[in-house]
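Descriptive structure summary
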Amino acid sequence: MGPTRAQFIQYTPAALAVAPLVAGPWSALAAAAAGAGAWAINASAPVLRSLIACGGMATGCGITAHEVLAAGGNPLIALGLAVPAGAAALAHHRNITGHLPAPALMPATTGTATGLTSQAQLIIAWWKEFISGPTQTEDRKLIQPGANLEHLALEADDDHVSFTGIITLPQGQQVRVKAADIAAVYQIPVSQVELGDPKHYAPNALPVTVHLKVPTAQPQIAAGTPTTPEEVWAAHVGVPEGAMPGTTLTLTRYDGPLDWEGIATRDRRAIGTVNLQDLAGNLDLETIQIALAPGDKPSQMGIRVMREHALMHGTMLSSVVDELSMDSRGYVRAGTYVDGRPALLPLAQPGSGARHLYLVGGSRSGKSGLLEQILLSAHRSGIAVILASPQAGTIAGASLSAYLGDGLDEAMGALRLAYAMMLDREARYRSPAFPFTDPLVLVVIDEAHMLLSASSPYHLEAKAIVEQLTRRSLKRGIGVVLATQTPLAEDLGNSTVIRSQLLIGGGAVFLRCARGQGSLVGANAVEGAEGIDLSMIPSQWPGQYAKVADRDMSGLATEAAAAPEDGTFGLGYLLTPGSQAVQFRSLHLDVPPVSLAGGEPPVGIEDCDAWRERDAISQTPMVDKRGKNLIGSLADLLAAAEGAPSSQEAPHHNPSTPYASTGPAGPGGAAGAPEGQELIKPRILELLQEQSIPMTAETIARKLETPAKRIKPRLSELKKQNKVTNENGLWRAA
């Protein structure tokens, strides 16, 4: 679609009139053609007069054109004369369109009779058009009418163009033109405009210097500026205010400024914890480009700087199947450290019991994949699993668990069963020895914040149960794997007990979190992981966006599978007891973990009272309405599950259970005594014998995690049997 009649009138003269800038003698012909086109379609004399008047005072041709018009001559002839190097036409174009294009900087050519170059004419034309006048339109006001630019001087070379002049007004007026105004007219930064100080000049005359084009700044390396990694380290990292004060760097490999390894050493002093954010700032790198590797000596720390991340291509799950089973030390393969070594997680501790695991990771961080991997390792290691998954259907390997609580209510039932299993084993095992005759048990709690946070309907009960599990279950062969989306205290029900016990009793895995929720400093600080911000782990590898932009429109590939390079799933930090958090990446699930289980049924839990009554137990709340007074014994729990108080009806017990009430000749010696009471007395006696120090009834109750009101009557009974003594309120074994 071609231009309209009105557009032809408006734009064609302006476009053709640019020719004088480069054509020289053809300027009159170009202007005449433009004018003829406008005249032929009956353009009015005011339109032509406006075109001429925009630059009329710039050159001698413009003055002549004005005289022709004033004498009533043909405007077409006047138009052919009024072409001051194209400035008038460009100005007319600006009046119509309302835009402010940057002035063209052409090589200087000889102008009209005034002796000005074409560049100087352009500079003056733009000044008159937008700053001083005389032209002015309804939609645009001049910056300061009458503020003319006098004594123009132009300097130009290959990489620099500037002009100087004096802004002049009639006597009695003051220059109000600002540097920002001039910068806006010539489309340059304000820093390239220099105005004289009004204090030193007359109010109506102010010098100005405008740098239209400045040379590109070349980077200069000052003498003594550190360039090598050792020099940068000494200048920014090893200084007192650096991330690792007092250390020196020794390179062990150097393949460029963004690909090297080294060892930081502090002379006969421990380096301590390192703030990774501070170290990245000192080295002027992103956090993801740096990996720390604590050594055997506390005075040394391995450093690695990477251009392409070493874990970008991942380790396939199918390639390390033989490493998924628990070794003799209780470790399983969880992934790969940044230095290529296998990353191992502890699930058990020989001679002691099970281990805990604290797992943090937001959406799309790889948390669910790592949980599936742990379920597979537990299955291959003969460990039974109680799985609590408040968000139903999120764990693909849930079929490997002995008990599955899928959904919020069912997940709470799984926690109740896990607590009952701990009470059952406490009743049956007085002096536990590893390995147990019964299997190790992992209590896996996914999305734990849905149960523990204050907004959960099960907040108080779940918090009480998980606190007891993390405190007491390890020696009974029960470990807790707790997964949340953030390391914030709110996700753990604001319980410092849960997180501290998880970290003391095992390892921790920290994956990417949402921005603002992944800091491990301040209230969320974790010893060994200081300075890490999980939100700084990128969701994509460098260059991935360009890869995504290269679209394939052939249709959805239903057989396509994600590659490790498609995202940073599983990338994070692994913290094992007594060490510094080390960057690692979990195994890439190139095959579904459940497919490696060999089709075998899940590892079962031993036949015991708690397991036999699991359905009733999972439906039985274990705290009162206030969320306090957690049921403290298996007898009371089974009684509550059966709907009868323990003081009236004793539930059925496994005959092999030690210390079970057997009637008149039972261990307590009291016929028909409630079984819950009889179970407490052996525990009291065992505690006093092991501690061999006198204790108050309150201390005994606290150590046994049982209300004192239940301890004091049992102590009196034991005293009557001459098994304990009491001196001034202090109890000891007889």
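Since the structure is predicted, the reported quantities are computational estimates derived from the model, not experimental observations.

Definitions and limits used
Residues numbered from 1 in each chain as written. Predicted model: local features only at pLDDT ≥ 70, side-chain atom pairs only at ≥ 80, totals over all residues. Heavy atoms only, no water. Helix = DSSP H or I, 4+ residues; strand = E, 2+ residues; numbered from the N terminus. Contact = heavy atoms within 4.5 Å. Areas by Shrake-Rupley, 256 points an atom, 1.4 Å probe, with all protein chains shown as cover. Core = buried A, V, L, I, M, F, W, Y, C linked by side-chain atoms within 4.5 Å. Buried < 20%, exposed > 50% of the residue type's maximum accessible area, 1.4 Å probe, protein only. pLDDT = per-residue confidence, 0-100.

1. Describing the overall build of the protein chain
The helix and strand tally for the protein chain stands at 23 helices and 22 strands. Long-range pairs, those at least 24 residues apart, make up 62% of the contacts in the protein chain with a sequence separation of at least 6. Only carbon and sulfur atoms are counted for the fraction: they give 54% of the accessible area of the protein chain, which is about 34,600 Å².

2. So, the nonpolar core
If you look at the biggest cluster of nonpolar residues, it comprises 86 residues, and the most contacted ones within it are Met244, Leu279, Ile445, Leu482 and Phe510. Examining the composition of this core, we find that 11 residues originate from one element, helix H13 (residues 408-428), more than from any other. Discounting chain neighbours no more than four positions away, the residues touching isoleucine 445 are Ala388, Leu415, Leu451, Val466, Val480, Val481, Leu482 and Ala483.

3. Focus: unusual backbone geometry
Residue proline 134 is reached from glycine 133 by a cis peptide bond, and omega for that bond is 25°. Along the chain, proline 134 falls in the loop between helix H8 (118-132) and strand S1 (148-156). Its identity as a non-glycine residue notwithstanding, asparagine 722 has a phi of 60°, on the positive side. Mapped onto the elements of the fold, asparagine 722 is located in the loop between helix H23 (708-720) and strand S21 (724-727). Residue asparagine 722 is classed as exposed on the basis of its relative accessible area, which comes to 63%.

4. Describing the confidence of the model for the protein chain
When the pLDDT values of the protein chain are averaged, the result is 78; 75% of them are 70 or greater. Within the protein chain, the lowest mean pLDDT, 38, falls on helix H2 (residues 20-23), and the highest, 97, falls on strand S16 (residues 441-445). Every residue in residues 37-64 is under pLDDT 50, and counting partners more than four places away or in other chains gives 55 contacts. A low-confidence stretch, residues 81-113 stays under pLDDT 50, and its non-local contacts, those more than four residues away or across chains, total 87 contacts.

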